[in-house]
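What follows is each chain in one-letter form.
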Amino acid sequence: MNEEIAKTEAVSLIEVSVSEDKKQGFIKLEKQSEGSTVFTKEQLVAALQKEQIEYGIIDSAIEKLAQRPIFNIRIKVAEATAPIDGEDGVVKLLVKKDAEYKPEYSEDETVDYKNLDYFQMVKKGQILCEIIKETPGIDGKDLYGQVIPAHKGRKPQVPAGKNTSLTADESKLMADCDGIIKFVNTINIDEMMHIRKNIDFSTGNINFPGDVTIDGDVSSGFSVKAGGNLIIKGVVEDAKIEAAGNVAIAKGIYGGSMGDVIVGKDLRCNYIENAILHVDGDITVDYIIDGKITCKGNIYLSGTKELIVGGEIQLMGELVARDIGNDREYPTIIRVIGEKIIDHDEIERLRTKEEQARQQLQEINEKETQINGLLLAQEKKDMLSRNHNSPAMEQIGTLKKQIDRQALLLKKEIEEIEKAITYVQQKASVSYYGSVSAKRKLYRGTRIYFGDMPFQFEFDSLEHCRIYWDNDDIVNGMM
């Protein structure tokens, strides 16, 4: 009986508490006022069970506390199993995005024209990216045995696009065909025509809606048309070339009586001689001789010569060369194309006003047609009744005069608006954002125009100069 009383008293001296998040359990022991206070492991466990704590009990902490009690201090004797959150899925790219991919330059920062890695080319079956899947995570348990759910990892954003597919285990993204990568948000592969020889009588002319790669030359008199990018590993000689995308030519372009080149984006090649070109993007080339070129972007001379001699070049951007012209004063013409600055907001406002006036005029013309019908009907009615100049006829006539007057005013208003639109258009100014830079010499014999205004220089040649437009005048600055 005394043992039972002692056990009851011992249990009453055990205080159990739990943290707010239910993840930690504590025991605080109180000491008896008289005699020694002893606790068994079973008593401590029973106190926890009384509070329904059955999970996460730390046996070693209970045993130590029973063997050597610590009084009036909370001792941690139970701990929940924390959940382990899942890891997010990861995509390891093995190709570059379009904005990250650049042509290779040599150590002296000049373009290697024999290196045609201007586009990212892939072969069928090539791995584009590796995919590490997300993990589900491991749930935890609190002190009462209730599940603490783990957060599942986020799925990886697999950049699967055109002509790509996942492997069976979805761990890799593969190329479904040979082609060229277009990678912004998703990896797309444009199917490519690959011709492993010259374009000549054995192949005929080429017209392909996608990308085209030619391992040889494009012979005189033949044509190549590509709906995408075009790579030519040889030379283009007196041939017609047209591409909607970028063009890279390992050797160069030699024009003639029938050859011309049209490029929708950028052109990169070794040389341009006696050729006609229209390029909507930038041109990067080592030298240009007797070229007739229109370029909407920039022209960069990069290589061993960096020279322009002869021909006529029109461009909207900047032209940078080492030498322009030669000491024989061979005629070389460069025209910087301007851009008209028009008050588009004012023109839009006037056109809106004109449209409203024309709509009102149309409505008035429809009313006039109705009134003419009423006049005709009233004339017949008056003839039958032999009643000339009836009040109804007078009213209709008055209404017709009012309508005619409104129509006349609207026509005058439309005419004035058209004049105002013409005035705004004629008032437009022209700005020239391009420039011409010679890193070494700009020789006499070179004529530079900004629109119709020529650049005049008196010396035999200029060195390290940059010719540009500023404050409605041509400026000769130092480079």
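Residues numbered from 1 in each chain as written. Predicted model: local features only at pLDDT ≥ 70, side-chain atom pairs only at ≥ 80, totals over all residues. Heavy atoms only, no water.

### Points about the overall build of the protein chain
Across its full length, the protein chain holds 5 helices and 35 strands. The principal-axis extents of the C-alpha atoms in the protein chain amount to approximately 130 × 95 × 55 Å. Burial statistics for the protein chain: of 479 residues in total, 39% are counted as buried. Considering only intrachain contacts with a sequence separation of at least 6, the fraction spanning at least 24 residues in the protein chain is 43%. Total accessible area computed for the protein chain in this model is approximately 28,200 Å², and 48% of it derives from carbon and sulfur atoms. Here the protein chain carries 62 positive and 80 negative side-chain charges, and the mean point of each set is 3 Å from the other. (Helix = DSSP H or I, 4+ residues; strand = E, 2+ residues; numbered from the N terminus. Buried < 20%, exposed > 50% of the residue type's maximum accessible area, 1.4 Å probe, protein only. Contact = heavy atoms within 4.5 Å. Areas by Shrake-Rupley, 256 points an atom, 1.4 Å probe, with all protein chains shown as cover. Lys, Arg positive; Asp, Glu negative; His and termini not counted. Charge placed at Lys NZ, Arg CZ, Asp CG, Glu CD.)

### So, the sheet that holds strand S6 (residues 127–132)
Strand order in the open sheet made by the 4 strands is S4-S6-S10-S9, with antiparallel pairing throughout. Looking at the sheet topology across the chains shown, the edges are occupied by strand S4 (90–93) and strand S9 (164–166). If you compare each strand with its neighbour and ignore which way they point, the axes differ by 25 degrees on average. Where S9 meets strand S10 (residues 172–175), 3 bridges bridge the pair, whose relative direction is antiparallel. (Pairing = 2+ DSSP bridges. Axes fitted to C-alpha atoms, helices over the stretch in contact; angles between N-to-C directions.)

### Details of the environment of Glu-191
Here Glu-191 lies in strand S12 (residues 187–195). Sequence-wise, Glu-191 and Gly-234 are 43 residues apart; in three dimensions their C-alpha atoms are separated by 21 Å. Excluding residues within four positions of it along the chain, Glu-191 makes contact with Asn-163, Cys-177, Asp-178, Phe-208, Gly-210 and Asp-211.

### Description of unusual backbone geometry
A positive phi is found at Glu-329, a non-glycine position, where the angle reads about 60 degrees. Structurally, the position occupied by Glu-329 is in the loop between strand S27 (318–324) and strand S28 (332–336). A residue is classified by how much of its surface remains accessible, and Glu-329, at 45% relative accessible area, is partly exposed. A positive phi angle, near 60 degrees, is found at Asp-472, a position not held by glycine. Residue position: Asp-472 is located in the loop between strand S34 (461–470) and strand S35 (473–478).

### Brief notes about the state of the cysteines
Inspection of the entire model under this criterion finds 0 disulfides. Cys-129 provides the cysteine sulfur closest to Cys-177, a residue in no disulfide bond, and the two sulfurs are 16 Å apart. Look at Cys-177 and you get buried, because its relative accessible area is 10%. Among the cysteines around Cys-269, which has no disulfide bond, Cys-295 carries the closest sulfur, lying 12 Å off. The buried category is assigned to Cys-269, whose relative accessible area is 0%. (Disulfide = S-S within 2.5 Å.)

### Let's talk about the nonpolar core
Of all hydrophobic cores here, the largest spans 54 residues; its most connected members are Leu-230, Ile-253, Leu-267, Ile-272, Leu-319 and Leu-442. At 4 residues, S34 tops the list of elements feeding residues into this core. Those residues in contact with Ile-253 that lie beyond four places of it in its chain are Val-236, Val-261, Leu-267, Cys-269, Tyr-271, Ile-272, Glu-273, Ala-275 and Leu-277. (Core = buried A, V, L, I, M, F, W, Y, C linked by side-chain atoms within 4.5 Å.)

### Brief notes about the pattern of salt bridges
Within the structure shown, the criterion is met by 19 salt bridges. Its salt-bridge partner being Lys-296, residue Asp-280 comes within 3.8 Å of it at the nearest N-O pair. Linking Asp-280 in the loop between strand S22 (276–279) and strand S23 (283–285) with Lys-296 in the loop between strand S24 (287–295) and strand S25 (299–301), this pair joins segments that are 16 residues apart in sequence. Overall, the relative accessible area of 35% leaves Asp-280 in the partly exposed class. Look at Lys-296 and you get partly exposed, because its relative accessible area is 46%. Here Lys-439 and Glu-306 are joined by a salt bridge, their closest N and O atoms 2.7 Å apart. Of this pair, Lys-439 sits in strand S31 (residues 435–443) while Glu-306 sits in the loop between S25 and strand S26 (307–315); the two residues are 133 residues apart in sequence, bridging distant segments of the chain. When its relative accessible area of 5% is taken as the criterion, Glu-306 is described as buried. (Salt bridge = Lys/Arg side-chain N within 4 Å of Asp/Glu carboxyl O.)

### Structural notes on the sheet that holds strand S3 (residues 75–79)
One open sheet accounts for 3 strands, arranged S1-S2-S3; its pairing is antiparallel. Of all the strands in the sheet, the pair left with one neighbour each is strand S1 (14–18) and S3. Taken pair by pair, the neighbouring strands of this sheet meet at an average axis angle of 30 degrees, ignoring direction. The strands touched by helix H2 (residues 41–50) are S1, strand S2 (24–29) and S3; relative to S1, the strand with the most contacts, the crossing angle is about 45 degrees.

### Observations regarding helix H5 (residues 391–426)
The terminal C-alpha atoms of H5 lie 53 Å apart, and with 36 residues this matches the ideal 52 Å at 1.5 Å per residue to within 8%. For H5, the complete set of buried residues consists of Met-393, Ile-396, Ile-403, Ala-407, Leu-410, Ile-414, Ile-417, Ile-421 and Val-424. (Expected span 1.5 Å × (residues − 1).)

### Brief notes about the pairing of S31
The pairing of S27 with S31 spans 6 bridges and is parallel. Bridging from a neighbouring strand, Leu-319 pairs with Val-436 of S31. As judged from the 7 bridges shared by S31 and S34, these two strands associate in the antiparallel manner. Looking at the pairing, Lys-441 lines up with Glu-463 of S34.

### Description of the packing of aromatic side chains
Enumeration over the complete set of coordinates arrives at 6 aromatic pairs. Ring plane angle 50 degrees and centroid distance 6.4 Å describe the contact between Phe-39 and Phe-71, whose orientation is recorded as tilted. Here Phe-39 is found in the loop between S2 and H2, whereas its partner Phe-71 is found in the loop between helix H3 (59–67) and S3, with 32 residues between them in sequence. With a relative accessible area of 2%, Phe-39 lands in the buried category. Three or more aromatic residues link up through ring pairs in this structure, and these residues are Tyr-432, Phe-450 and Trp-469. (Phe/Tyr/Trp six-rings, centres within 6.5 Å; stacked < 30°, edge-to-face > 60°.)

### Brief notes about the confidence of the model for the protein chain
Per-residue pLDDT for the protein chain has a mean of 86; in total, 92% of the residues score no lower than 70. A low-confidence stretch, residues 1–6 stays under pLDDT 50, and its non-local contacts, those more than four residues away or across chains, total 0 contacts. (pLDDT = per-residue confidence, 0-100.)

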